[in-house]
Amino acid sequence: DSGVTQTPKHLITATGQRVTLRCSPRSGDLSVYWYQQSLDQGLQFLIQYYNGEERAKGNILERFSAQQFPDLHSELNLSSLELGDSALYFCASSEGPYQETQYFGPGTRLLVL
Amino acid sequence: DAKTTQPPSMDCAEGRAANLPCNHSTISGNEYVYWYRQIHSQGPQYIIHGLKNNETNEMASLIITEDRKSSTLILPHATLRDTAVYYCIVRGAGGKLIFGQGTELSVKP
């Protein structure tokens, strides 16, 4: 158990819809990272937040957005969903801002029908 | 961040040491070698990391060659639960974790 929690575990929705994935980092960690893992793309870094501020951006689509709240939990919002957005979405956390050792949550499996 | 090359798959007998190689010939002086593993669609799990010296923790040992162009992750007594995809990642301070295809390790009874 990494100490990172993610909800929900599974999500099934339709194309065009919007969903929100939630992540709570390990106690004491100030950075939260979001990753997408699909069959054809592997694990892709999406975005990092540190202490409420966006810190680094990866291959995140404009339809996707994230935020980190004062209590340090984070939400990833996916809108105008497409079939290709079906994937595992992982959240990770680390102590500081520099992407040092990251601890991953169990993931949210999203299926877009 | 430097690129890594790993064999796509390896087998290991249960109870034996699993030695997973990784080539990172373009690594620069301030880049670390990280190892993560992912057990069937679970979240990736941090194993170990190092810069120059060999490292050991409760999970594994990391051997980095003197020229730092390659490394080996050693699981000293592999169990069936060590069956997973193992990712070798090279990154500098503040660099992103870029996951490649990894090595699929199968531990067999």
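A brief report on the enclosed structure follows. Keep in mind the model is a prediction, meaning the values are calculated, not measured.

Let us look at the overall build of chain B. Along chain B, the regular secondary structure elements total 0 helices and 9 strands. For chain B, the α and β elements follow one another from N to C terminus as β-β-β-β-β-β-β-β-β. Its C-alpha radius of gyration of 13 Å places chain B within 12% of the 13 Å reference for a compact globule of 109 residues. Along the three orthogonal principal directions, the C-alpha set of chain B runs to about 40 × 25 × 25 Å. Restricting the contact set of chain B to residue pairs at least 6 apart, pairs at least 24 apart contribute 56%. For chain B, the exposed surface amounts to about 5,600 Å²; the carbon and sulfur share of it is 48%. If you average the places of the 10 positive and of the 10 negative side-chain charges in chain B, the two averages end up 4 Å apart.

This brings us to the sheet that holds strand β4 (residues 45–50) of chain B. Residue and element names in this part refer to chain B. Read across the open sheet, the 5 strands follow the order β1-β9-β8-β3-β4; overall the sheet is mixed. Since the sheet does not close on itself, it has two edges, and those belong to β1 (9–13) and β4, each with one partner. If you compare each strand with its neighbour and ignore which way they point, the axes differ by 25 degrees on average. Here strand β8 (residues 84–92) pairs with strand β9 (residues 103–108) via 3 bridges, running antiparallel. Looking at the pairing, Tyr86 lines up with Thr103 of β9.

Quick notes on the rules
- Counting from 1, residues in each chain are numbered in the order their sequence is written.
- Each chain is given a letter, starting from A, and each ligand a number, starting from 1, according to the order in which they appear as written.
- Side-chain atom pairs in this predicted model are given and counted only at pLDDT of 80 or more, local residue features only at pLDDT of at least 70, and totals for whole chains, interfaces and linings cover all residues.
- Hydrogens and water molecules were not included; the side-chain quantities draw on all heavy atoms of the structure.
- Secondary structure follows DSSP: runs of H or I at least 4 residues long count as helices, runs of E at least 2 residues long count as strands, and numbering of each begins at the N terminus.
- Atoms considered for the radius of gyration are the C-alpha atoms alone. The globule rule reads 2.2 Å times the number of residues to the power 0.38.
- Contact definition: two residues touch when any of their heavy atoms are within 4.5 Å.
- All accessibility values rest on the Shrake-Rupley procedure with a 1.4 Å probe; residue burial counts only the protein chains present in the view.
- Only four residue types enter the tally: Lys and Arg on the positive side, Asp and Glu on the negative side, with His and both chain ends excluded.
- Charge positions are represented by NZ for Lys, CZ for Arg, CG for Asp and CD for Glu.
- Strand pairing is defined by DSSP finding a minimum of two bridges between the two strands.
- In this analysis, axes come from line fits to C-alpha atoms, helices being fitted only over the stretch in contact, and the angle between any two N-to-C directions falls in the range 0 to 180 degrees.

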